[in-house]
Amino acid sequence: MNNVFVYIELEGTEIADVSLELLTKGKKLATQLNKKLEAICLGSKLDGIEKELYPYGVDVVHIADDSRLTPYTTLPHNRIVCDLFEKEKPEIALFGATSLGRDLAPRVCSTTGSGLTADCTSLEIGDHTDPKTKKEYKDLLYQIRPAFGGNIIATIINPDTRPQIATVREGVMKKEIADATYSGKVKKIDAKSILKEEDFVIQVIERQIEKSKVNLKGAPIVVAGGYGVGSKDNFKLLYELAHVLGGEVAGSRAAVDAGYVEHERQVGQTGVTVRPKLYIACGISGAVQHTAGMAESAMVIAINNDQDAPINAIADYTITGDLNDIIPKMIKYYKLNTK
Amino acid sequence: MGLKIIVLAKQVPDTRNVGQDAMKSDGTVNRAALPAIFNPEDLHALEQALVIKDAHPGTTVEIVTMGPPRAAEIIREAMYRGADGGYLLTDRAFAGSDTLATSYTISLAIKKLMPFDLLLSGRQAIDGDTAQVGPQVADKVGIPQITYAEEIVSVTPKDITVKRRLERGYEVVKATLPTLVTVHSSAVECRSRNSKLTMKYKHAKTVSELQEAAMDYEGMMKTRPYLQITEWTADDLNPDSQSLGLLGSPTKVKNIENVVFKAKETVDLDTSEKDIDFLMRELIANHIIG
């Protein structure tokens, strides 16, 4: 009872990275609270899946194996998760902030009457005193996220409802094996007895999922452009620099919204989080929504027309000027001075 | 065949344009201090509704929005583009609602409008980016949900087929009606205002707006009842008052920090060849690149 639960996202029988990242964070939270870590796997042909989860410190793996649970549809997964939460009364429940997690978690929260915070960038345990009633709360989940166009960082709590539910984007938390020899136990869920006919009013009639073409998370060098790049055409220069240096191109939300660069290259709170050894920010002002996704880069170079751009405060090098002037010089020097 | 379509929409502060007084001390948004716009993805949802209306004569499209009195602006805006009317849910008792309290309030209005065929909304609103209200309304109304819709492929009186945009691909799903569909920004843009409709609905107003108006609209409202935008307060929805506003919101804002970047030792350079060469030499020497 009152343990930390992580919903495991599956594509077929393959576990999504974000779920392993959440298990890593969940283990830390559970240890701090002196609670157990439990995982929820809903799908089909899941024999042995628990072995992939135990090394992250999972104590209990709840498995519902039913061919109707894959591919994912909202209502059957919601029914089983809510039924499990009713029985197990989790203290905390974490979902990936993916199109699946952001479809399922709100529905679960509505059914269970729990509070939900989307797209958290940090999760911590802490106490709280209600400013009006002076009631004290111990060991709440602090759900921390940028809000409001990235102008503020908000800490959200759910003092009175359980579970405390949060979603976190892929790449925000680090994935680390806790103990390769760790072993927990499996609890089977009898899906047939829980699911109802009316849960299957939505049919998936076609499904095309591709391996991602862009590997931003794994790129050692990221050349990112913002609205200040000015046009899709100007982005070609960023691609050239990335190609020469062996990196990937990324964009801020403003650049994606303006159509300069594809959505899957978006870095920031509502995009991908990256930790490259070099992040070159071109024409990016540096709202928190963006910096939330790149602040842990080992080195940051900011190229900007505006000397007072917020991004300059977290940059190791700033270059003030026109990127159309600067980037060709960088490429030229690099080509001349490396093999 | 005509369908009855309801579009959930929100007037949002333009978060791309935020000033100093944007937040109140209790951590909620000071909406009065910001330019207000039609939430972009809700416009995409409106377009999907209007496409169905074009193809299926007899279809009606109505907006439901919750917000302060001035949120009636987006109902008019929707009418200028082809919606038939709308409902504004406005009451001080709704203030401070998180997504759960918001979806509770909206679900009461939707239940009053039953039966309907299709509930549409944007995937998420730009002021919170949570994508929670749509699915939570669907849950409380007791209908299924299809989120992240890019295109409504087909619709019949019984069912709907929708293409969903996912991170690494797409899927096509079919659902029985009524259902909720939330629309992604990759769907087609909303048409612009129609000049005839703009003329027709220019004077559309809520009760509160009529009371504050300088001219007397009584005669006009009698002869043109379609100009009346319905306004519902908490009393009209017969709510459980414990579930409204701040009281009905399980999430609380513990604190808000303004963003301050930690100062870092920064090397400032200009566009001269000397400076750029220095930078590249350092990067290569430190094995950052090369």
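What counts and what doesn't
Residues numbered from 1 in each chain as written. Chains lettered and ligands numbered in written order. Predicted model: local features only at pLDDT ≥ 70, side-chain atom pairs only at ≥ 80, totals over all residues. Heavy atoms only, no water. Helix = DSSP H or I, 4+ residues; strand = E, 2+ residues; numbered from the N terminus. Rg over C-alpha atoms; globule rule 2.2 N^0.38 Å. Buried < 20%, exposed > 50% of the residue type's maximum accessible area, 1.4 Å probe, protein only. Axes fitted to C-alpha atoms, helices over the stretch in contact; angles between N-to-C directions. Parallel < 35°, antiparallel > 145°, perpendicular 65-115°, else oblique. Left-handed = near helix turned anticlockwise from the far one by under 90°. Contact = heavy atoms within 4.5 Å. Nonpolar A, V, L, I, M, F, W, Y, C, P; charged D, E, K, R; others polar. Pairing = 2+ DSSP bridges. Buried area = accessible area lost by both parts, 1.4 Å probe. Salt bridge = Lys/Arg side-chain N within 4 Å of Asp/Glu carboxyl O. Phe/Tyr/Trp six-rings, centres within 6.5 Å; stacked < 30°, edge-to-face > 60°. Lys NZ or Arg CZ within 6 Å of the ring centre and 35° of its normal. Core = buried A, V, L, I, M, F, W, Y, C linked by side-chain atoms within 4.5 Å. Expected span 1.5 Å × (residues − 1).

Just checking my understanding: could you explain the overall build of chain A for this structure?
Regarding its fold elements, chain A presents nine helices and 18 strands. Here chain A has a C-alpha radius of gyration of 22 Å; the compact-globule value for 339 residues is 20 Å, and the two agree. For the C-alpha atoms alone, the extent of chain A along its principal axes is close to 65 × 55 × 40 Å. Within chain A, the proportion of its 339 residues that are buried is 60%.

Would you take a moment to explain the packing of helix H3 (residues 99–112) of chain B against helix H4 (residues 133–141) of chain B for this structure?
Residues and elements named next belong to chain B. At a minimum axis distance of 8 Å, the contact between H3 and H4 shows a crossing angle of 50 degrees. Between H3 and H4, the angle is such that the two are oblique. For the pair H3 and H4, the sense of crossing is right-handed. Along its contact with H3, which presents Thr99, Leu100, Thr102, Ser103, Tyr104, Ile106, Ser107, Ile110 and Lys111, the element H4 presents Val133, Gln136, Val137, Lys140 and Val141. A class-by-class count of the residues in the contact of H3 with H4 yields seven nonpolar, five polar and two charged.

Help me understand the sheet that holds strand E4 (residues 37–43) of chain A in this model?
Two orientations exist for strands paired in a sheet by backbone hydrogen bonds: parallel and antiparallel. Residues and elements named next belong to chain A. Spatially, E7-E11-E6-E1-E4-E5-E12 is the arrangement adopted by the seven strands of the open sheet, whose pairing is parallel. The open sheet has two free edges, formed respectively by strand E7 (116–120) and strand E12 (185–188), since each of these has just one partner strand. Each adjacent strand pair in this sheet contributes to an overall mean axis angle of 25 degrees, direction not counted. Taken together, the three bridges between E7 and strand E11 (residues 164–168) define a ladder with parallel strand orientation. Its bridge partner lying in E11, Thr117 is registered against Ala166. Helix H3 (residues 74–88) contacts strand E1 (4–8), E4, strand E5 (60–65), strand E6 (92–96), E11 and E12 of the sheet and is inclined by roughly 155 degrees relative to E4. Where helix H4 (residues 101–112) meets the sheet, its contacts fall on E1, E6, E7 and E11, and the angle it forms with E6 comes to roughly 150 degrees.

Got a minute to help me understand unusual backbone geometry in this structure?
In terms of backbone geometry, most residues other than glycine have negative phi values and most peptide bonds are trans. For the bond running from Arg162(A) to Pro163(A), omega is -5 degrees, close enough to zero to count as cis. Topologically, Pro163(A) is positioned in the loop between strand E10 (152–157) and E11. Cis geometry is adopted by the peptide bond preceding Pro178(B), which originates at Leu177(B) and carries an omega value of 0 degrees. Along the chain, Pro178(B) turns up in the loop between strand E9 (169–176) and strand E10 (179–183). Non-glycine residue Lys134(A) carries a positive phi angle of around 65 degrees.

I keep staring at the sheet that holds strand E7 (residues 145–155) of chain B and nothing clicks. Help me out?
Pairing is mixed across the open sheet formed by ten strands, whose spatial order is E13(A)-E9(B)-E8(B)-E7(B)-E10(B)-E6(B)-E1(B)-E4(B)-E5(B)-E11(B). A strand with exactly one partner marks an edge of an open sheet, and here the two such strands are strand E13 (202–209) of chain A together with strand E11 (230–232) of chain B. The mean inter-strand angle of the sheet, taken between neighbouring strand axes irrespective of direction, is 30 degrees. By the bridge criterion, five bridges tie strand E1 (residues 4–8) of chain B to strand E4 (residues 60–66) of chain B in an arrangement that is parallel. Bridge pairing links Ile5(B) to Val61(B) in E4(B). Along the sheet, helix H2 (residues 72–81) of chain B makes contact with E4 and strand E5 (85–89) of chain B, crossing E5(B) at roughly 170 degrees.

Is there a simple way to explain the interface of chain B and chain A in this structure?
One frequent convention defines the size of an interface as the accessible area lost when the parts assemble. Each partner contributes to the interface: chain B provides 77 residues, whereas chain A provides 80 residues. With both chains or domains summed, chain B and chain A bury close to 6700 Å², and 57% of this area falls on carbon and sulfur atoms. At the junction of chain B and chain A, the tally comes to five salt bridges. When the shortest N-O distance is used, the salt bridge between Asp139(B) and Arg107(A) registers 3.4 Å.

Please clarify how the packing of aromatic side chains should be interpreted in this entry.
Residue and element names in this part refer to chain B. The final tally for this structure, using the stated rule, is six aromatic pairs over all chains. A centroid spacing of 5.8 Å and a plane angle of 90 degrees characterise the contact between Tyr201 and Tyr226, whose relative ring orientation is edge-to-face. Residue Tyr201 is located in helix H5 (residues 195–201), and its partner Tyr226 is located in the loop between helix H7 (218–223) and E11; the two are separated by 25 residues in the primary sequence. We classify Tyr226 as partly exposed; its relative accessible area is 33%. One cation-aromatic arrangement involves Lys112 over Trp232; the distance from NZ or CZ to the ring centre is 4.7 Å.

Where do I start with the nonpolar core in this structure?
When a protein is soluble and globular, its nonpolar side chains tend to lie buried together. One finds Ile5(B), Leu46(B), Leu120(B), Ile160(B) and Val181(B) to be the most contacted residues of the largest nonpolar core, which totals 45 residues. Excluding anything up to four places from it in sequence, Ile160(B) contacts Leu118(B), Ile146(B), Ile152(B), Ser154(B), Val155(B), Val173(B), Lys174(B), Ala175(B), Leu177(B), Thr179(B) and Val181(B). Counting residues in hydrophobic clusters, the runner-up holds 37 residues, among them Leu237(A), Leu238(A), Val244(A) and Ile319(A).

Help me understand the environment of Leu88(B) in this model?
Residue and element names in this part refer to chain B. Note that Leu88 resides in strand E5. The exposure class of Leu88 is buried, given its relative accessible area of 0%. Taking the C-alpha atoms as reference, Leu88 lies 8.2 Å from Ile63; in sequence the two are 25 residues apart. Setting aside anything within four residues of it in sequence, one finds Leu88 in contact with Thr65, Gly67, Pro68, Pro69, Ala71, Ala72, Ile75, Thr206, Thr230, Glu231 and Trp232.

Honestly, helix H1 (residues 40–55) of chain B in this entry has me stumped. Any pointers?
An α-helical segment advances 3.6 residues per turn. Residues three or four places apart therefore align on the same side. With 16 residues, H1(B) extends 24 Å between its outermost C-alpha atoms, agreeing within 8% with the 22 Å of an ideal straight helix rising 1.5 Å per residue. Burial in H1(B) covers these residues: Glu41(B), Asp42(B), Leu43(B), His44(B), Ala45(B), Leu46(B), Glu47(B), Gln48(B), Ala49(B), Leu50(B) and Ile52(B).

For this particular structure, what's the right way to read the pattern of salt bridges?
It is possible for side chains of opposite charge to pair when their charged atoms get near one another. One pass over the structure, following the stated rule, counts 44 salt bridges over all chains. Two residues, Arg265(A) and Glu262(A), come together in a salt bridge whose shortest N-O distance is 3.3 Å. Its relative accessible area of 35% is what places Glu262(A) among the partly exposed residues. Salt bridges linked by common partners bring Asp17(A), Glu21(A), Glu170(A), Lys175(A), Lys217(A) and Arg168(B) together as one network.

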